[in-house]
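Each chain is listed here by its residues.
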Protein chains: 2
Amino acid sequence: MTAVTIECCPPIARRPLDETEAAELAVLLKAVADPVRLRLLSMIGSNAGGETCVCDLTVAFDLTAPTISHHLKILRTAGLIDGERRGTWVYYRLIPETVTRLGTLFTPLAETASQ
Amino acid sequence: MTAVTIECCPPIARRPLDETEAAELAVLLKAVADPVRLRLLSMIGSNAGGETCVCDLTVAFDLTAPTISHHLKILRTAGLIDGERRGTWVYYRLIPETVTRLGTLFTPLAETASQ
């Protein structure tokens, strides 16, 4: 999986990104470039069970449920999280491939080469 | 250096980010969440000599010199690049610590633990 990710998104210091790559990555980075969305991602990603109920996310912020839903939708559209409705609530989990893609982009060349 | 970076910015899947961390990281991510700035970063980072003349950056884009300068200033303010004037031109280089900080944020926990 690591090799595929590197192929898809070379580290920023390996070679100049072309316009298409840069445009695509900028969309992904804009999705995470927000304090609430970063906190949501880290809460979902660090939950021991691997997934987090939207009910737990909403109570953790001093924001309305529609605002939290708006941020979750941006993360979901960007392919960073996925959600599954079970009964009353939606349960979210990280999509590791997309998170790794961002990590690879900013991984120094020396570390990538040694992986 | 790796240990210091991890201490400073835990991977997004390790534990929930607090408000201060999330706000600070969002500023850094906003600086890179732009196609032109991503291309500038990758051009500067991948230049064999380790630094790039602003004259070479400007000619690579179909943008005015002031627009390129504006984007370079955002990257510099965010601590992602540094510049040194020598004669007519400014020469830019990546600041690896800041780039690594972003990489660490999105590095899966398993990979971080094995470093």
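The model shown is predicted, which means the values in this text are computed figures rather than measured ones.

A. Just the sheet that holds strand E1 (residues 52-53) of chain A, in detail. Residues and elements named next belong to chain A. Strand order in the open sheet formed by 3 strands is E1-E3-E2, with antiparallel pairing between adjacent strands. Strands with a single pairing partner mark the edges of an open sheet, and in this sheet they are E1 and strand E2 (81-86). Both E2 and strand E3 (residues 89-94) contribute to a ladder of 6 bridges, which runs antiparallel. Bridging across to E3, Arg 85 finds its partner in Val 90. Contacts from helix H5 (residues 65-77) reach E2 and E3, with the element oriented near 120 degrees to E2.

B. Highlighting the relation of the copies chain B and chain A. When chain B is fitted to chain A, the residual RMSD is 0.0 Å, and the transformation amounts to a turn of 180 degrees plus an axial shift of 0.0 Å. Such values leave the two copies arranged in the relation of a two-fold axis. No C-alpha of chain B lies nearer the rotation axis than that of Gly103(B), which sits 2.2 Å from it. A shared interface surface links the copies, since 100% of the contact residues of chain B are contact residues in chain A too.

C. Quick peek at the packing of aromatic side chains. Taken as a whole, this structure holds 0 aromatic pairs over all chains when the rule is applied. One cation-aromatic arrangement involves Arg86(B) over Tyr91(B); the distance from NZ or CZ to the ring centre is 4.3 Å.

D. Inspection of the interface of chain B and chain A at higher detail. Between chain B and chain A, the contact holds 36 residues from the first and 36 residues from the second. Between chain B and chain A the total buried area reaches about 2,800 Å² when both faces are included, carbon and sulfur atoms providing 72% of it. On the chain B side of the interface with chain A, the three residues burying the most area are Ile12(B), Leu38(B) and Phe106(B), jointly 21% of the side's total. For the pair chain B and chain A, the interface holds 0 salt bridges. There are 2 residue pairs in polar contact (both at pLDDT 80 or more) connecting chain B and chain A. Residue assignment for the side of chain B that touches chain A shows that the elements contributing at least two residues are helix H2 (19-32), helix H3 (35-46) and helix H6 (96-105) of chain B. Residue composition of the side of chain B that touches chain A, by class: 21 nonpolar, 7 polar and 8 charged.

E. Here's a closer look at the environment of Leu102(B). One can find Leu102(B) in helix H6. Linking Leu102(B) and Val32(B), residues 70 residues apart in sequence, is a C-alpha distance of 9.9 Å. Look past the residues within four positions of Leu102(B) in its chain and what remains in contact with it is Phe106(A), Leu28(B), Leu29(B), Val32(B) and Leu80(B).

F. Here's a closer look at the packing of helix H3 (residues 35-46) of chain A against H5(A). All names here are of chain A. Taken N-terminus to C-terminus, the directions of H3 and H5 make an angle of 75 degrees; their axes are 10 Å apart at the nearest point. Judged on the interaxial angle alone, H5 and H3 are roughly perpendicular. Each of Val 36, Arg 37, Leu 40, Leu 41 and Ile 44 in H3 lies in contact with H5, whose residues at this interface are Ile 68, His 71, Leu 72, Ile 74 and Leu 75. Among the residues making up the contact of H3 with H5, the classes are represented as 8 nonpolar, 1 polar and 1 charged.

G. Region of interest: the state of the cysteines. All names here are of chain A. The final tally for this structure, using the stated rule, is 2 disulfides over all chains. With its sulfur 2.1 Å from that of its partner, Cys 53 forms a disulfide with Cys 55. Across the S-S bond linking Cys 53 and Cys 55, the dihedral sits near 130 degrees, which makes this disulfide right-handed. We classify Cys 53 as buried; its relative accessible area is 5%.

Quick notes on the rules
- Residues numbered from 1 in each chain as written.
- Chains lettered and ligands numbered in written order.
- Predicted model: local features only at pLDDT ≥ 70, side-chain atom pairs only at ≥ 80, totals over all residues.
- Heavy atoms only, no water.
- Pairing = 2+ DSSP bridges.
- Helix = DSSP H or I, 4+ residues; strand = E, 2+ residues; numbered from the N terminus.
- Contact = heavy atoms within 4.5 Å.
- Axes fitted to C-alpha atoms, helices over the stretch in contact; angles between N-to-C directions.
- Least-squares fit on C-alpha atoms with pLDDT ≥ 70 in both.
- Phe/Tyr/Trp six-rings, centres within 6.5 Å; stacked < 30°, edge-to-face > 60°.
- Lys NZ or Arg CZ within 6 Å of the ring centre and 35° of its normal.
- Buried area = accessible area lost by both parts, 1.4 Å probe.
- Salt bridge = Lys/Arg side-chain N within 4 Å of Asp/Glu carboxyl O.
- Polar contact = N/O pair within 3.5 Å; in protein donor to acceptor, adjacent residues only side chain to side chain.
- Nonpolar A, V, L, I, M, F, W, Y, C, P; charged D, E, K, R; others polar.
- Parallel < 35°, antiparallel > 145°, perpendicular 65-115°, else oblique.
- Disulfide = S-S within 2.5 Å.
- Buried < 20%, exposed > 50% of the residue type's maximum accessible area, 1.4 Å probe, protein only.

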